[in-house]
Amino acid sequence: MAKSRFDSRTKLLFGVIAVLLAAVVICLVMTVEPKSELKNTMTNLSRTGAHYASETFRLYNNGGEDYLYTAAVADYNIFLSQFYQVHGDDMNEEFLVINEVYGQLIMNPEVAKTWIPLLCHVLDNLADDLTNAHAHEELLKIRNALVEDRAATAEDLTHSHEH
């Protein structure tokens, strides 16, 4: 009788070990995400950040409270950080422009606020395609104007919706 109890304990022990081993393998497989899947996830996060920044800037621009501008700049920073994770090495110049616009949004908000409609347009395009060359050209235009401390004109903002 003792031998059969030992056999059932041994069987139970082997069963528990097998279940634990299977759980460890499943956890390892689930946590080791292939690079392409990770890049897709980061790309989606960056695009979502651009979308949220655009929407929050629009809310502010449509008569929202000042806190919405701060929230929009924070959303833009999330987009900036995620963009770097995805394209920091292969699109370094574009990243630097995005980063400089972020700095101007913080340091020169009164002039930066005049560029919100064009910035929203750019962010919408980047939410669709982070590599959109036209969007990056328009972002460079915004950065250059902000560095020159030049507010947006009606012509600047009207031209933005032609593309």
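Higher on the page you've got the structure.
Described below are features of the structure shown in this document.

Each value, and the rule that gives it
Residues numbered from 1 in each chain as written. Predicted model: local features only at pLDDT ≥ 70, side-chain atom pairs only at ≥ 80, totals over all residues. Heavy atoms only, no water. Phe/Tyr/Trp six-rings, centres within 6.5 Å; stacked < 30°, edge-to-face > 60°. Helix = DSSP H or I, 4+ residues; strand = E, 2+ residues; numbered from the N terminus. Lys NZ or Arg CZ within 6 Å of the ring centre and 35° of its normal. Core = buried A, V, L, I, M, F, W, Y, C linked by side-chain atoms within 4.5 Å. Buried < 20%, exposed > 50% of the residue type's maximum accessible area, 1.4 Å probe, protein only. Contact = heavy atoms within 4.5 Å. Expected span 1.5 Å × (residues − 1). Salt bridge = Lys/Arg side-chain N within 4 Å of Asp/Glu carboxyl O.

**Observations concerning the packing of aromatic side chains**
When we look at a pair of aromatic rings, we describe it by the centre distance and by the angle of the planes.
Now for step 1: This structure, assessed with the given rule, holds six aromatic pairs.
Now for step 2: Pairing Tyr84 with Phe95 gives two aromatic rings, centres 4.7 Å apart and planes at 50°, and the pair type is tilted. Of this pair, Tyr84 sits in helix 3 (residues 66-87) while Phe95 is found in helix 4 (residues 92-107), placing the two residues 11 residues apart along the sequence.
Now for step 3: These aromatic residues form a ring-pair network of at least three members: Tyr76, Phe79, Phe83 and Tyr102.
Now for step 4: Sitting over the face of the ring of Tyr69, Lys113 holds its NZ or CZ atom 4.8 Å from the ring centroid.

**Here we look at the nonpolar core**
Now for step 1: Counting residues in each nonpolar core, the largest one holds 37 residues, and the members touching the most others are Phe57, Tyr76, Phe79, Leu105, Leu119 and Leu139.
Now for step 2: Breaking this core down by element, the ones donating at least two residues are helix 2 (35-61), helix 3, helix 4, helix 5 (109-112), helix 6 (116-128) and helix 7 (133-147).
Now for step 3: If we skip the residues at most four places from it in the chain, Leu105 touches Phe57, Tyr69, Val73, Tyr76, Ala112 and Leu119.

**Description of helix 3**
Now for step 1: Over its 22 residues, helix 3 runs 31 Å from end to end, which matches the ideal 32 Å to within 8%, given 1.5 Å per residue.
Now for step 2: Turning to helix 3, its buried residues are Leu68, Tyr69, Ala72, Val73, Asp75, Tyr76, Phe79, Leu80, Gln82, Phe83, Val86 and His87.

**Let's talk about the pattern of salt bridges**
Any two side chains of opposite charge can pair, so long as their charged atoms come close to each other.
Now for step 1: Summed over the entire model, instances satisfying the criterion amount to seven salt bridges.
Now for step 2: Across the pair Asp156 and Lys141 runs a salt bridge, and its minimum N-O distance is 3.8 Å. Here the residue Asp156 occupies a position in helix 8 (residues 154-159), and Lys141 occupies one in helix 7, the gap between them amounting to 15 residues.
Now for step 3: For Asp156, a relative accessible area of 10% corresponds to the buried category.
Now for step 4: Assessed through its relative accessible area of 26%, Lys141 is described here as partly exposed.
Now for step 5: Among the ionic pairs, Arg150 bridges to Asp156, the shortest N-O distance being 3.0 Å.

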